[in-house]
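Spelled out from the first residue to the last, the chains are:
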Amino acid sequence: MSEFTFLFRGTDPTVQSPEEMQKSMEKWLAWFKELGEKGHIKYPGHPLERAGRVVRGKQKSVHDGPYAEAKDIVNGFTLIEAKDLPHAVELSKGCPILEAGGSVEVRPIRVVCLDM
Amino acid sequence: MEPSDHLFRREAGRMVATLTRVFGVHNLALAEDVVQDAFCRALEVWKFRGVPENPSAWLLATAKNRALDVLRRQRTAHTFAPELGRLLESEWTLAPAVEELFAANAIKDDLLRIMFSCCQPRLAEEAQVALILNILCGFSVNEIASAFVSSHAAIEKRITRAKKLLAASKRLFDVAAPAEFAARLPAVHRALYLLFNEGYHGASAETAVRAELCHEAMRLAALVLAHPHGATPASYALSALMCLNAARLPGRVNAGGNLTSLFEQDRSLWDGKLAAEGIRLLELAATGTELTEYHLEAAIASVHARAPQAEDTDWAAIVSLYDLLMSVRPSPVVALNRAIAIAQQEGPERGLEVIGTIEDRDRLAGYPFYPAALGELELRRGRHNAARKHFRAALALARNPMERRFLKQRVGACERGDPPEPAILEPATRLQGEVTS
């Protein structure tokens, strides 16, 4: 088993009724539950606030941001256990964010072998 | 844990009601924004961390904190609830004042305050119902439009105008004043009754949607009953009528998704508990001298509930209740129902005769169950051709696929010359679109 991080991008549609929002959430919970039951969730992760600061370069200049388009901002992450990258990609395909036009970036966590 | 069904929709009403109290009714839109914001946060956080132990409390606390932010940040730019006035101006009193407004008991009253405010005489009844659905029940314009089989634009216009009017009123209705409460109560009953009927007899083809409307009406009616000034005989009768009719909901559509008539329904599907609750409420309604249309309609529903089989129905009792209903609240639909009950008792010829004497029966022209009733009675006396003509006319007026399927079957029965089976649908007591009468 290897570890992967799922980086979620994209937002839920803004004009949603309470009922629709609850439905969106339930879809997400169902997906998470399934992953969890199959032992794929290493760490459920966190949502990220939209606005923060970006610190850049040697000058350590601080900027408001990230100033990316809403669809490009990472708004959450999760740590996943999967056999290999294709397996992790398969798992990501159940993510409801995809149906809303968002994306999941699947990145293997580099294994650092301290004994070497 | 899993969130309960319609949690967000239900909480939306509670939160908007309380926030409107905090911000003042003129800031209704701001209250709605804060609620939307709380849902967005819940959506983001719960996705990753799961649904909290007490999701309602979580949502409420989130809305409260957001409200405090808004109050602190915009204190100087905005005027908020005039009743709270100075309390909101100082940091010392702000938090405790808001805290108190978010306490459980206060919220119940807030819901009633908005409900009573929505039922103001300056708003047409259909606007009141739409507003209640939108603000108190958390239905979006789209959802209301689809439940009413109406256009998005029409409902949006209705709600926007109603909200403007509501926001222009200086303050929310004061539910603590007994005289004002009593004066506004009939309008509230009426709106809840219409809401229930929209679910029970409405045009939406979605059974689930219609059952939801019924449940919302029952929930709000129970809130009225729970208020010390609200527990009047008419309130009990209204709740009784809702319970007794809702008890039959599980039998109205069969396994194939087709409408079934009162005569064909599998009565073992009826909700006996709900019917018993209805009868209990009807007994509580029988105090005092007031006899409302709700008493009578509940009594009619109780006659059906008490009949184990359709053949056991006490039609004589139903006819005399309709007689009384005609004197309390006459309408061509009530008259039509009375005629159908008479036909049950005295035969189809007599029924047709009585229908022929309904004074304003031209108002039934757009109502599919008027020609359907004529067709039914003609069919029963063996005049298949006349019956088919009426069912065809009814078919042309049908409002959804379920009604169409039902009426097509009747047309088919006439063409085949089938022996008549009694199949009159449960009649509504009012017409669609009659709401402004």
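Here the residue index of a chain counts from 1 through its sequence in written order. As a convention, the first chain written is A and the first ligand written is 1, with the rest following in written order. Local features in this predicted model are restricted to residues whose pLDDT is 70 or higher, and side-chain atom pairs enter the listing and the counts only when it is 80 or higher, whereas totals over whole chains, interfaces and linings include all residues.

Observations concerning the overall build of chain A
Across its full length, chain A holds two helices and six strands. A run of H or I in DSSP becomes a helix once it reaches four residues, and a run of E becomes a strand once it reaches two; helices and strands are each numbered from the N terminus. The order of α-helices and β-strands along chain A, N terminus first, is β-α-β-β-β-β-α-β. Principal axes of the C-alpha set define a box for chain A whose edges measure 50 × 40 × 20 Å. Three exposure classes are used, all based on how many other C-beta atoms lie within 10 Å of a residue's own C-beta (placed from the backbone): buried at 20 or more, exposed at 12 or fewer, and partly exposed between those limits. Within chain A, buried positions represent 22% of all 116 residues.

Quick word on the overall build of chain B
Looking only at helices and strands, chain B has 20 helices and zero strands in total. With the radius of gyration taken over C-alpha atoms, the globule rule is written as 2.2 Å times the number of residues to the power 0.38. Relative to its length of 437 residues, chain B is compact, with a C-alpha radius of gyration of 24 Å against a globular reference of 22 Å. Viewed in the frame of its principal axes, chain B has a C-alpha envelope of about 80 × 50 × 35 Å. For chain B, with 437 residues in total, the buried portion stands at 47%. Within chain B, counting contacts between residues at least 6 apart in sequence, those at least 24 apart form 65% of the total. In this description, a residue-residue contact is defined by the distance between C-beta atoms placed from the backbone, which must lie within 7 Å.

Some thoughts on the interface of chain A and chain B
Between chain A and chain B, the residue contacts involve 15 residues of the former and 20 residues of the latter. Elements supplying a minimum of two residues to the side of chain A that touches chain B: helix 1 (18-37) and strand 2 (41-47) of chain A. Sorting elements by how many residues they give to the side of chain A that touches chain B places helix 1 of chain A first, with eight residues. Split by residue class, the side of chain A that touches chain B holds seven nonpolar, six polar and two charged. For this classification, the nonpolar set comprises Ala, Val, Leu, Ile, Met, Phe, Trp, Tyr, Cys and Pro, the charged set comprises Asp, Glu, Lys and Arg, and every other residue, Gly included, is treated as polar.

Describing the environment of Lys-108 of chain B
Residues and elements named next belong to chain B. Within the secondary structure layout, Lys-108 lies in helix 5 (residues 104-118). Judged by local crowding, Lys-108 falls into the partly exposed class, with 16 C-beta atoms found within 10 Å. Spatially, the C-alpha atom of Lys-108 lies 16 Å from that of Ala-177, the residues being 69 residues apart in sequence.

Observations regarding the packing of helix 6 (residues 125-136) of chain B against helix 9 (residues 178-201) of chain B
All names here are of chain B. At a minimum axis distance of 9 Å, the contact between helix 6 and helix 9 shows a crossing angle of 75°. Viewed along their axes, helix 6 and helix 9 adopt a mutual orientation that is roughly perpendicular. Contact residues: helix 6 offers Glu-125, Gln-128, Val-129, Ile-132 and Leu-133, while helix 9 offers Arg-190, Ala-191, Leu-194, Leu-195 and Glu-198. In terms of residue class, the contact of helix 6 with helix 9 is made up of six nonpolar, one polar and three charged. Only the stretch in contact is used when fitting a helix axis, every axis being a line fitted to C-alpha atoms; angles between N-to-C directions are given from 0 to 180 degrees. Roughly parallel covers angles under 35 degrees, roughly antiparallel covers those over 145, roughly perpendicular covers 65 to 115, and oblique covers all other angles.

Points about the sheet that holds strand 2 of chain A
Residues and elements named next belong to chain A. The four strands are arranged 2-5-1-6 in an open sheet whose pairing can be described as antiparallel. Whereas interior strands pair on both sides, the edge strands pair on one side only; in this sheet they are strand 2 and strand 6 (103-108). Geometrically, the sheet is characterised by an average inter-axis angle of 15° between neighbouring strands, direction not taken into account. Strand pairing is assigned whenever DSSP identifies at least 2 bridges connecting the two strands.

Description of helix 8 (residues 152-168) of chain B
All names here are of chain B. To estimate how far a helix should extend, the number of its residues minus one is multiplied by 1.5 Å. For helix 8, built from 17 residues, the straight-helix expectation of 24 Å at 1.5 Å per residue is met to within 8% by its first-to-last C-alpha distance of 24 Å. Among all positions in helix 8, only Ile-155, Arg-158, Ile-159, Ala-162, Lys-163 and Leu-166 are buried. For helix 8, the angular spread of buried residues about the axis comes to 125°, placing them on one side. Residues of helix 8 that are exposed and angled more than 90 degrees away from the buried face: Ala-153, Thr-160, Lys-164 and Ala-168. Each element contacted by the buried residues of helix 8 is listed here: helix 2 (28-49), helix 5, helix 6 and helix 7 (141-147). Each direction from the helix axis to a C-beta atom contributes to the arc, which is the arc of those directions.

Considerations on the confidence of the model for chain A
One number per residue, pLDDT, summarises how confident the predictor is, and it ranges from 0 to 100. Across chain A, the average pLDDT comes to 88, with 96% of residues at or above 70. Looking over chain A, one finds the lowest element-wise mean pLDDT in strand 4 (residues 61-65) of chain A, namely 86, and the highest in helix 2 (residues 85-92) of chain A, namely 95.

Let's talk about the pairing of strand 1 (residues 2-9) of chain A
All names here are of chain A. The pairing of strand 1 with strand 5 (residues 74-82) spans eight bridges and is classified as antiparallel. The residue bridging Thr-5 from the neighbouring strand is Leu-79, located in strand 5. Relative to strand 6, strand 1 runs antiparallel, the two being bridged by six bridges. Bridge pairing in strand 6 places Phe-8 opposite Val-104.

Remarks on the packing of helix 11 (residues 233-246) of chain B against helix 13 (residues 272-285) of chain B
All names here are of chain B. Running from N to C, helix 11 and helix 13 point in directions that differ by 160°, and their axes come no closer than 7 Å. Between helix 11 and helix 13, the crossing angle belongs to the class labelled roughly antiparallel. The chirality of how helix 11 crosses helix 13 is left-handed. Contacts from Pro-233, Tyr-236, Ala-237, Ser-239, Ala-240, Cys-243, Leu-244 and Ala-246 of helix 11 reach helix 13 at Leu-274, Ala-275, Glu-277, Gly-278, Leu-281, Leu-282, Leu-284 and Ala-285. Each crossing gets its hand from how the near helix is turned against the far one by less than a right angle, where anticlockwise is left-handed and clockwise is right-handed.

A closer look at unusual backbone geometry
Positive phi, close to 55°, is recorded for Lys-60 of chain A, a residue that is not glycine. With respect to the helices and strands, Lys-60 of chain A occurs in the loop between strand 3 (52-56) and strand 4. Since 7 C-beta atoms lie within 10 Å of it, Lys-60 of chain A is described here as exposed. Despite not being glycine, His-6 of chain B has its phi angle at roughly 60°, a positive value. In this fold, His-6 of chain B is placed in the segment before helix 1 (7-23).

Points about the environment of Asp-360 of chain B
Locating Asp-360 of chain B in the fold gives a position in the loop between helix 17 (348-356) and helix 18 (369-380). When the 10 C-beta atoms within 10 Å are taken as the criterion, Asp-360 of chain B is described as exposed.

Topic: the confidence of the model for chain B
Residues and elements named next belong to chain B. The predicted model of chain B has a mean per-residue pLDDT of 87, with 93% of residues at 70 or higher. The weakest mean pLDDT in chain B belongs to helix 4 (residues 91-101) at 79; the strongest belongs to helix 11 at 96. ipTM for the predicted complex: 0.85, alongside a pTM of 0.85.

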